[in-house]
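Fold and contact review
Single-letter residue listing:
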Amino acid sequence: MENALNMDTVRLSDDLKHVVLLDQTLLPNETKYLTLDKAEDIWEAIYALRVRGAPAIGVCGAYAYYVLANQIETENMDEFVELCTKMMEYVNSSRPTAVNLSWALNRMHGVLMAEKDNLSVADMKVRLMKEANDIREEDIQISRNIGQYGFELLEKLGKGVGVMTHCNAGTLATAKYGTALAPMYIALENGWDGKKDLHVYCDETRPLLQGARLSAYEMQAAGIDTYVQCDNMASYSMKEGKIGIIFVGCDRVAANGDFANKIGTSGVAIIAKHYGIPFYVCAPSSTIDMTMESGDEIHIEQRPANEVTETWYAKRMAPEGVGVVNPCFDVTDHSLVTGIITEKGIAYAPFKESFEAMGIKPVEKFVDKK
Ligand code: MRU
């Protein structure tokens, strides 16, 4: 079983003309990379969760911006800007909840707007490639920092701790290391024995099984004592005293600390509060959207009904014609959150003040405006 840390979730191809993605819909049974350079194929890869996880789709968005901008055949900067704007809006429409996609596209477009009067189109393309590579490299460092802060919490709880997580916020969801699973990778680097010192409980994460297929794979391949539990078993494990801490990722954090993450996260937080288990959200600062005051403003992606009724089943498992709810994310109230681990440190309530003290500010938006 290949350690997922050795897999590139998303990168630029060696010929510098394609986005290379690990197709996560096939894991853990098959390891296949896609090499894409068409806007529609990149859109489909993000929509279909071939690449998924907020930071990873941010990095993918940055490379998509560069790869597609690089194909634009004009030397006229105004025309280049107009075509980049359209392309960016199209890529951004693939998934609405994770702010990292629009964050990365906004950052790429911000470079274009800031430097368009000083560079030729050809030089701008080189500049955009550098920005996309920087976004990927920074994501690796950010994830390591989050892992380090999370590891310090594990150290306080002591070896043998049980960690619960929901969905996949591991190395597969970022450029490397992950957010919610990064503390475990850092623990191994610090000499912890994965079989004795860590016990990781992965919620299966209906309906697309990111916990069973991806988190369980990552943790097991890294040599950690790993368990998969159906989502409705989380309360049982907490009551049994198996869980010392919960780490989850997030797709968008509002200024007050409310956050969207994979559907089911809010239930985990409510149960954790009941049992007094510390509940931490792992959030690169790019996931913190200071333009949104509360979680009420976060748009929740709705997904096709067949993901609930058919996907993964040998036969359809719900009657034809039945109504289906399939929200992809839910919003957890900030009152349920013990702390938000960022690459700059751990934010505690009141979260807005804590974010501001870390220098986290609203970013300029060209797409994903209110
Ligand atoms: O629908 P997905 O698989 O993209 O959902 C992913 C999550 O909810 C993750 O927890 C979140 O994006 C953080 S990934 C570091």
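Scroll up to find the structure this text is about.
First, a word on scope: everything that follows refers to the structure included in this document. (Residues numbered from 1 in each chain as written. Predicted model: local features only at pLDDT ≥ 70, side-chain atom pairs only at ≥ 80, totals over all residues. Heavy atoms only, no water.)

Bringing the overall build of the chain into the picture now. When you go through the chain residue by residue, the secondary structure sums to eleven helices and 14 strands. Scaling as 2.2 N^0.38, a compact globule of 370 residues should have a C-alpha radius of gyration of about 21 Å, and the chain matches this with 20 Å. For the chain, the C-alpha atoms occupy an extent of roughly 65 × 50 × 40 Å along the three principal directions. Counting every position in the chain, which comprises 370 residues, the buried fraction comes to 56%. If you take every contact in the chain between residues at least 6 apart in sequence, the share linking residues at least 24 apart comes to 76%. Counting only carbon and sulfur atoms, one obtains 50% of the accessible surface of the chain, whose full area is about 15000 Å². Looking at the chain, you have 36 positive and 52 negative side-chain charges, and the mean spots of the two groups are 3 Å apart. (Helix = DSSP H or I, 4+ residues; strand = E, 2+ residues; numbered from the N terminus. Rg over C-alpha atoms; globule rule 2.2 N^0.38 Å. Buried < 20%, exposed > 50% of the residue type's maximum accessible area, 1.4 Å probe, protein only. Contact = heavy atoms within 4.5 Å. Areas by Shrake-Rupley, 256 points an atom, 1.4 Å probe, with all protein chains shown as cover. Lys, Arg positive; Asp, Glu negative; His and termini not counted. Charge placed at Lys NZ, Arg CZ, Asp CG, Glu CD.)

Right, let's get into the site of the ligand. The full set close to the ligand counts 19 residues, and R52, A54, R95, N261 and K262 are the nearest of them. Within the side chain of D251, one N or O atom sits 2.9 Å away from an oxygen atom of the ligand. The contact in question runs from an oxygen atom of the ligand to an N or O atom on the side chain of N261, over 2.6 Å. With the chains in place, 100% of the 410 Å² that the ligand exposes on its own is no longer accessible. Residue assignment for the shell around the ligand shows that the elements contributing at least two residues are α2 (54–70) and β9 (259–262). Residue composition of the shell around the ligand, grouped by class: nine nonpolar, six polar and four charged. (Near = heavy atom within 4 Å. Polar contact = N/O pair within 3.5 Å; in protein donor to acceptor, adjacent residues only side chain to side chain. Nonpolar A, V, L, I, M, F, W, Y, C, P; charged D, E, K, R; others polar.)

On strand β13 (residues 339–342), burial covers both faces: G339 and I341 on one face and I340 and T342 on the other are all buried. Alignment of strand β10 (residues 279–282) against β13, held across three bridges, turns out to be parallel. Looking at β13, one finds that Y280 is bridged to G339. In the sheet, β13 pairs with strand β14 (residues 345–347) via three bridges, with the strands oriented antiparallel. (Pairing = 2+ DSSP bridges.)

L27 connects to P28 through a cis peptide bond whose omega is 5°. Secondary-structure assignment places P28 in the loop between β2 (19–22) and β3 (33–36). At the junction of R206 and P207, the peptide bond is cis and its omega measures out at 0° in the coordinates. Tracing the sequence through the fold places P207 in the loop between β5 (198–203) and α7 (210–221). With a phi angle near 65°, C167 is a residue other than glycine that sits in the positive phi range. As for its position among the elements, C167 is in the loop between β4 (161–165) and α6 (182–189). We note that L209 has phi near 60°; this positive angle belongs to a residue other than glycine.

Across the interface, helix α3 (residues 77–92) lies against helix α4 (residues 99–115) with an axial gap of 10 Å and an inter-helix angle of 175°. In terms of their interaxial angle, α3 and α4 are classed as roughly antiparallel. Within the contact between the two elements, α3 uses M77, F80, V81, C84, T85, M88, V91 and N92 and α4 uses L101, S102, L105, H109, L112 and M113. In terms of residue class, the contact of α3 with α4 is made up of ten nonpolar, four polar and no charged. (Axes fitted to C-alpha atoms, helices over the stretch in contact; angles between N-to-C directions. Parallel < 35°, antiparallel > 145°, perpendicular 65-115°, else oblique.)

Another point: the environment of T342. Following the sequence through the fold, T342 ends up in strand β13. The class for T342 is buried, based on a relative accessible area of 0%. Distance from T342 to I146, taken between C-alpha atoms, is 5.7 Å for residues 196 residues apart in sequence. Sequence-distant contacts of T342, that is, excluding residues within four places in its chain, are made with I146, Y149, A283, I288 and M358.

Moving on, we get to the packing of aromatic side chains. By convention here, two paired aromatic rings are described through the distance between centres and the angle between planes. For the structure on display, the rule yields seven aromatic pairs. Plain terms: the ring middles of F259 and F279 are 6.3 Å apart, the flat faces sit at 35° to each other, and that makes the pair tilted. Of this pair, F259 sits in strand β9 while F279 sits in strand β10, and the two are 20 residues apart along the sequence. F279 carries the same exposure label as F259, and that label is buried. (Phe/Tyr/Trp six-rings, centres within 6.5 Å; stacked < 30°, edge-to-face > 60°.)

This part covers the nonpolar core. Ranked by size, the top nonpolar core spans 47 residues in total, and within it Y65, F80 and L128 carry the most contacts. Where this core is concerned, the elements lending two or more residues are β1 (10–12), β2, β3, α1 (39–47), α2, α3, α4 and α5 (121–157). The leading source of residues in this core is α2, at 13 residues. Setting aside anything within four residues of it in sequence, one finds F80 in contact with A69, I72, T74, L112, V121, M124, K125 and L128. Core analysis: the next-biggest nonpolar cluster, separate from the first, contains 32 residues, I140, V163, A180 and W192 among them. (Core = buried A, V, L, I, M, F, W, Y, C linked by side-chain atoms within 4.5 Å.)

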